[in-house]
Amino acid sequence: MWLPGYAQPGKMVQVDDSFNGREVNLQVGDTLEVSLSENASTGFQWSVPPELKHKFDKVIREREQVVEGSSEPPGKAGVRRLYFETVATGMGELELHYRRHWEREVPPVRKFKLRVRVRK
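Residues numbered from 1 in each chain as written. Predicted model: local features only at pLDDT ≥ 70, side-chain atom pairs only at ≥ 80, totals over all residues. Heavy atoms only, no water.

Peer 1: Looking at this model, I keep getting lost on the overall build of the protein. Mind explaining?
Peer 2: The number of helices and strands found in the protein is zero helices and eight strands. In the protein, the order of α-helices and β-strands from amino to carboxyl end is β-β-β-β-β-β-β-β. At a minimum sequence separation of 6, the contacts of the protein that also span at least 24 residues come to 65%. For the protein, the exposed surface amounts to about 7,400 Å²; the carbon and sulfur share of it is 51%. (Helix = DSSP H or I, 4+ residues; strand = E, 2+ residues; numbered from the N terminus. Contact = heavy atoms within 4.5 Å. Areas by Shrake-Rupley, 256 points an atom, 1.4 Å probe, with all protein chains shown as cover.)

Structure below.
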């Protein structure tokens, strides 16, 4: 049942490694799921560098992360799923870095960039 004046839940938009460098169009209230392969046993993991949050935090906000390990023998890659919610119209650039958290002075071994356009 739909009640006037109440927001409808948004849709889930899923992207993966193949979206690196691309643009995605969302609406306010949507959830963005970014699924990237990682091998946590090496210490490397995907994260949003705090100094880059200003590039997107006006239109999307990080909500949570989930790590799915591989069912294969130890050392095999798993998947990190990062969830973002759209909070306002506009354009932002999401940038994620693949690095070891204790090596902040070392450049990331991989980067994932996604332009996010949010409309009403």
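Peer 1: Can you walk me through the pattern of salt bridges in this structure?
Peer 2: In the structure shown here, the tally under the stated rule is 13 salt bridges. The salt bridge partner of Lys11 is Asp30, with a shortest N-O separation of 2.9 Å. Taken together, the residues Lys11 in the segment before strand S1 (12–16) and Asp30 in the loop between strand S2 (22–27) and strand S3 (31–38) connect sequence positions 19 residues apart. Judged by its relative accessible area of 43%, Lys11 is partly exposed. Of the residues examined, Asp30 reaches a relative accessible area of 3% and is grouped as buried. When the shortest N-O distance is used, the salt bridge between Glu93 and Lys55 registers 3.7 Å. Placement of Glu93 in strand S7 (residues 90–100) and of Lys55 in the loop between strand S4 (44–47) and strand S5 (60–68) is noted, with a sequence separation of 38 residues between them. Overlapping salt bridges bring together Lys55, Glu93, Glu95 and Lys113 as one network. (Salt bridge = Lys/Arg side-chain N within 4 Å of Asp/Glu carboxyl O. Buried < 20%, exposed > 50% of the residue type's maximum accessible area, 1.4 Å probe, protein only.)

Peer 1: Looking at this structure, how should I read the nonpolar core?
Peer 2: Soluble globular proteins tend to bury their nonpolar side chains together. Counting residues in each nonpolar core, the largest one holds 23 residues, and the members touching the most others are Leu32, Phe84, Leu94 and Leu96. Looking at this core, the elements that each hand over two or more residues are S1, S2, S3, S4, strand S6 (78–86), S7 and strand S8 (110–119). In terms of residue count, the dominant contributor to this core is S8 (four residues). Filtering out sequence-adjacent residues up to four positions away, Leu94 remains in contact with Leu32, Val34, Val48, Phe56, Ile60, Phe84, Phe112, Lys113, Leu114 and Val116. (Core = buried A, V, L, I, M, F, W, Y, C linked by side-chain atoms within 4.5 Å.)

Peer 1: What am I meant to see in the pairing of S1 here?
Peer 2: Looking along a regular strand, one sees side chains alternate from face to face of the sheet. Where burial is concerned, the two faces of S1 differ: the one with Val13 and Val15 is buried and the one with Met12, Gln14 and Asp16 is not. In this structure, S1 lies alongside S3, joined through five bridges in parallel fashion. Across the sheet, the residue bridging to Val15 is Val34, located in S3. (Pairing = 2+ DSSP bridges.)

Peer 1: Honestly, the sheet that holds S4 in this entry has me stumped. Any pointers?
Peer 2: In a beta sheet, neighbouring strands pair by backbone hydrogen bonds and run either parallel or antiparallel. Overall, mixed pairing links the four strands, which are arranged S2-S8-S7-S4 in an open sheet. In the strand order of this sheet, the two ends are held by S2 and S4, each with one partner. Across the sheet, the axes of successive neighbouring strands diverge by a mean angle of 25°, strand direction being ignored. Relative to S8, S7 runs antiparallel, the two being bridged by nine bridges. Among the inter-strand pairings, Glu95 is bridged to a residue of S8, identified as Lys113. (Axes fitted to C-alpha atoms, helices over the stretch in contact; angles between N-to-C directions.)

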